[in-house]
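# Chain and residue survey
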Amino acid sequence: MKQSAPDLDVIVSEIVAEMRARKDRGTVATYIPELANVDPDHFGLAIVDVAGNVFSGGDCTVPFSIQSISKVFTLTLALGRIGDRLWRYVGREPSGNRFNSIVQLEHELGVPRNPFINAGAIAVTDVILSGRQPRETLGEILRFVQFLADDGAVSIDKDVAASEKRTGFRNAALANYMKSFGVIENPVDHTLGVYFHHCAISMTCEQLARAGLFLSCNGVNPLTGLSVVSAERARRINAMMLTCGHYDGSGEFAYRVGLPGKSGVGGGILAIAPGKASIAVWSPGLDQAGNSHLGRIALEELTRRTGWSIFGA
Ligand code: GLN
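Treat the numbers as computed from the prediction; the structure is a model and nothing was measured.

### Brief notes about empty space enclosed by the protein
Within this structure, the stated rule accounts for two cavities of 30 Å³ or more. A volume near 60 Å³ is recorded for the largest cavity. Of the residues in the lining of the largest cavity, the class split is five nonpolar, three polar and three charged. The volume enclosed by the second largest cavity comes to roughly 40 Å³.

What follows is the structure, given as structure tokens:
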């Protein structure tokens, strides 16, 4: 039931207990071999409200592979770098296809539908890489995420990156295909190297929720008082998270949860309650669309109990 002043401590501990008791946990991603080793019983939840208060529970301090959630941060960086010129390289419409689909690219002349499907995120990574070396670019992405999380301990899991590099044939196909249309500027292996490594950034729910807080606060991180992006840009990134952040499960996520959100195949979801809080949830088992199964259910419970859905209580 909706509450006027939600008791977030109680809500978080109840959701954690409910999710831990559930047997339907989805299936852990195996196409990146290193992710197949993650225990599906993990569950973590962290909420950071706009005043900086943290409400967290379960495995909220265990680092996990953020995977595609990193695409929110690379999109933010790329927009900072070249502004609206970014839309020459990538669109901003939902794809209705799986996150790693190649079919649309042929019809759309190598310009991916949006920055959150793999092809789009690879194109965004290529923009950030232009004029720089891969190592420098990766350092820049990592430092940006550390700055957002206000935590220099955020790191890249090299084993996960190497594991994806060994088996990332589909992403290599997407990148080569885009290169054939001139959408990718840099050597494909450089762009993919940076992409695999930023997907392999490891964070806890608490770090991730802090890193997303600027999107809940009109582009300003209230923990540091520093402006990250303009209010207009924060609003637009949120709009893309709502429409595209869960691939072909984006409509379902909007219907059930009602918040801008971005998922990753590591089982994490970052969700933004504008003006209220930033929320990170982690449960490694995925649904058919490759989004965290219990993560989505936990967020659905959270918006039901808090009335935080952007579509009304
Ligand atoms: N690194 C993963 C990939 O490229 C990210 C996909 C995801 O999290 N949905 O396949």
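So much for the structure itself; the text now carries on.
### Examining the pattern of salt bridges
Pairing between side chains of opposite charge can happen when the charged atoms of each approach one another. Under the defined criterion, the tally for this structure stands at 15 salt bridges. Arg305 is the partner of Glu18 in a salt bridge, and the nearest nitrogen-oxygen pair spans 2.6 Å. On the criterion of sequence distance, the pair formed by Glu18 in helix α1 (residues 8-21) and Arg305 in helix α13 (residues 293-306) is long-range, its members being 287 residues apart. Owing to a relative accessible area of 32%, Glu18 belongs among the partly exposed residues under this scheme. The residue Arg256 makes a salt bridge to Glu300 at a minimum N-O spacing of 3.3 Å.

### With respect to the site of the ligand
Near the ligand, the surroundings consist of Tyr31, Gln67, Ser68, Phe99, Asn118, Glu164, Asn171, Tyr195, Cys199, Tyr247, Gly264 and Val265. Residue Glu164 places a side-chain N or O atom 2.8 Å away from a nitrogen atom belonging to the ligand. Here an oxygen atom of the ligand sits 2.8 Å away from a polar atom, N or O, in the main chain of Val265. Considered on its own, the ligand offers 300 Å² of accessible surface; in the complex 100% of this is hidden by protein. Because more than half of its atoms lie within 2 Å of the grid, the ligand is assigned to the second largest cavity.

### Considerations on the nonpolar core
Formed by 63 residues in total, the largest nonpolar core has its most connected members in Phe73, Leu86, Ile201 and Met203. Residues contacting Leu86, with those up to four places away along its chain left out, are Leu75, Ala78, Leu79, Val124 and Val127.

### Brief notes about the packing of aromatic side chains
Following the criterion strictly, the structure yields six aromatic pairs and no others. Between Phe64 and Trp282, the ring centres sit 4.9 Å apart and the planes meet at 10 degrees, which makes this aromatic pair stacked. Taken together, the positions of Phe64 in strand β3 (residues 64-65) and Trp282 in strand β10 (residues 277-282) put the pair 218 residues apart, joining distant regions of the chain. The buried category is assigned to Trp282, whose relative accessible area is 2%. An angle of 45 degrees between the planes, with centres 5.3 Å apart, marks the rings of Phe99 and Tyr247 as tilted. Here Phe99 is found in the loop between α2 (70-82) and α3 (103-107), whereas its partner Tyr247 is found in the loop between α11 (231-244) and α12 (250-256), with 148 residues between them in sequence. Residues Phe99 and Tyr247 agree in their burial class; the two are buried. Site record: aromatic cluster; members linked through ring pairs are Tyr31, Phe99 and Tyr247.

### Some remarks on the packing of helix α4 (residues 118-129) against helix α8 (residues 188-199)
With their axes 9 Å apart at the nearest point, α4 and α8 run at an angle of 110 degrees to one another. By the criterion of interaxial angle, the relationship of α4 to α8 is roughly perpendicular. Contacts from Asn118, Ala121, Ile122, Thr125, Asp126 and Leu129 in α4 reach His190, Thr191, Leu192, Val194, Tyr195 and His198 in α8. Residue composition of the contact of α4 with α8, by class: six nonpolar, five polar and one charged.

### Looking at the sheet that holds strand β5 (residues 201-203)
The strand order β3-β5-β4 describes an open sheet built from three strands, whose pairing is antiparallel. The open sheet has two edge strands with one neighbour each: β3 and β4 (155-156). Two strands pair when backbone bridges link them, and β3 and β5 are joined in this way by two bridges, in the antiparallel orientation. From the neighbouring strand, Ser65 faces β5, where its bridge partner is Ser202. Helix-sheet contacts for helix α5 (residues 134-149) involve β4 and β5, and the interaxial angle to β5 is about 15 degrees.

### A closer look at the side chain of Thr204
Counting through the fold element by element, Thr204 comes out in the loop between β5 and α9 (205-211). Filtering out sequence-adjacent residues up to four positions away, Thr204 remains in contact with Cys60, Thr61, Val62, Pro63 and Phe64.

### Structural notes on the sheet that holds β10
Reading across from one edge, β2-β1-β10-β9-β8 is the order of the five strands in this open sheet, with antiparallel pairing throughout. Unpaired on one side and paired on the other, β2 (54-58) and β8 (261-263) mark the two borders of the sheet. Recorded for the sheet is a direction-independent mean angle of 10 degrees between the axes of neighbouring strands. As paired strands, strand β1 (residues 44-49) and β2 are joined by five bridges and run antiparallel to one another. Of the residues in β2, the one forming a bridge with Ala46 is Ser56. Where α1 meets the sheet, it contacts β1 and β2, and its direction lies at approximately 20 degrees from that of β2. Contacting β1, β9 (268-273) and β10, α13 runs over the sheet at an angle of about 145 degrees to β10.

Reading guide: rules and limits
- Residues numbered from 1 in each chain as written.
- Predicted model: local features only at pLDDT ≥ 70, side-chain atom pairs only at ≥ 80, totals over all residues.
- Heavy atoms only, no water.
- 1 Å grid on protein atoms, 1.4 Å probe; cavity = no way out; pocket = protein on both sides within 12 Å on 5 of 7 lines; lining within 4 Å.
- Points joined across faces, edges and corners; volume = space filled by probe spheres on them.
- Nonpolar A, V, L, I, M, F, W, Y, C, P; charged D, E, K, R; others polar.
- Salt bridge = Lys/Arg side-chain N within 4 Å of Asp/Glu carboxyl O.
- Helix = DSSP H or I, 4+ residues; strand = E, 2+ residues; numbered from the N terminus.
- Buried < 20%, exposed > 50% of the residue type's maximum accessible area, 1.4 Å probe, protein only.
- Near = heavy atom within 4 Å.
- Polar contact = N/O pair within 3.5 Å; in protein donor to acceptor, adjacent residues only side chain to side chain.
- Areas by Shrake-Rupley, 256 points an atom, 1.4 Å probe, with all protein chains shown as cover.
- Sits in = over half its atoms within 2 Å of the grid points.
- Core = buried A, V, L, I, M, F, W, Y, C linked by side-chain atoms within 4.5 Å.
- Contact = heavy atoms within 4.5 Å.
- Phe/Tyr/Trp six-rings, centres within 6.5 Å; stacked < 30°, edge-to-face > 60°.
- Axes fitted to C-alpha atoms, helices over the stretch in contact; angles between N-to-C directions.
- Parallel < 35°, antiparallel > 145°, perpendicular 65-115°, else oblique.
- Pairing = 2+ DSSP bridges.

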